[in-house]
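Structural overview
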Amino acid sequence: MATFIDIHDLPGVKADDVAGALSADVRVQGQYGVDYRHYWVDEAAGKVFCLVEAPDREAAIAVHREAHGLVAQDLFEVTQGA
């Protein structure tokens, strides 16, 4: 499994809306072998950041697309530092 952080540009985003979207991700993620682990919201900047473990980037994208259609503008594979 790889670890990814994605970035959504969502002007006007509210934390409550993101919580609902994450619930939808959780309902779908098992079909793709994905685990959405955590998210952060910056309402003032209109940004959402999601931490996800997935077999590949396509699987991570597919979960968002199927669950709610809010596909991230950027997706980065990351490794944990010391």
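Small disclaimer: the values here were computed from a predicted structure and weren't measured. (Residues numbered from 1 in each chain as written. Predicted model: local features only at pLDDT ≥ 70, side-chain atom pairs only at ≥ 80, totals over all residues. Heavy atoms only, no water.)

Details of the overall build of the protein
- When its secondary structure is counted, the protein shows two helices and four strands.
- Reading the protein from its N terminus to its C terminus gives the helix and strand order β-α-β-β-α-β.
- If one aligns the C-alpha atoms of the protein with their principal axes, the spans along those axes are about 30 × 30 × 20 Å.
- By the burial criterion, 33% of the 82 residues in the protein qualify as buried.
- Of the contacts made within the protein by residues no fewer than 6 positions apart, 67% connect residues no fewer than 24 positions apart.
- A distance of 2 Å separates the average location of the 6 positive side-chain charges in the protein from that of its 14 negative side-chain charges. (Helix = DSSP H or I, 4+ residues; strand = E, 2+ residues; numbered from the N terminus. Buried < 20%, exposed > 50% of the residue type's maximum accessible area, 1.4 Å probe, protein only. Contact = heavy atoms within 4.5 Å. Lys, Arg positive; Asp, Glu negative; His and termini not counted. Charge placed at Lys NZ, Arg CZ, Asp CG, Glu CD.)

With respect to the pattern of salt bridges
- According to the stated counting rule, one finds two salt bridges in the structure shown.
- Between Lys47 and Asp9 there is a salt bridge, with its nearest N and O atoms 2.2 Å apart. You can see Lys47 sitting in strand S3 (residues 47-54) and its partner Asp9 sitting in strand S1 (residues 2-9), a full 38 residues away along the chain. (Salt bridge = Lys/Arg side-chain N within 4 Å of Asp/Glu carboxyl O.)

Focus on the nonpolar core
- Among the nonpolar cores identified, the biggest contains 18 residues, and Phe4, Val34, Tyr36, Val52 and Ala54 are the most heavily contacted of them.
- Where this core is concerned, the elements lending two or more residues are S1, helix H1 (15-29), S3 and helix H2 (57-67).
- Aside from chain neighbours lying at most four places away, what touches Ala54 is Met1, Ala2, Phe4, Gly33, Val34 and Ala60. (Core = buried A, V, L, I, M, F, W, Y, C linked by side-chain atoms within 4.5 Å.)

Considering the pairing of S1
- Bridge analysis of S1 against S3 gives eight bridges, and the strand direction is antiparallel. In the sheet register, Asp6 faces S3, and the bridge partner there is Cys50.
- Bridge count for S1 against strand S4 (residues 74-78) is five bridges, and the pairing is antiparallel. Directly across from Ile7, in S4, lies its bridge partner Asp74. (Pairing = 2+ DSSP bridges.)

Thoughts on the side chain of His64
- Structurally, His64 is set in helix H2.
- His64 sits in the buried class, given a relative accessible area of 3%.
- Here the side chain of His64 touches Asp25 through a polar contact of 3.0 Å, side chain to side chain.
- Beyond its immediate stretch of four places on either side in the chain, His64 contacts Asp6, His8, Asp25, Tyr36, Cys50, Gly69, Leu70 and Val71. (Polar contact = N/O pair within 3.5 Å; in protein donor to acceptor, adjacent residues only side chain to side chain.)

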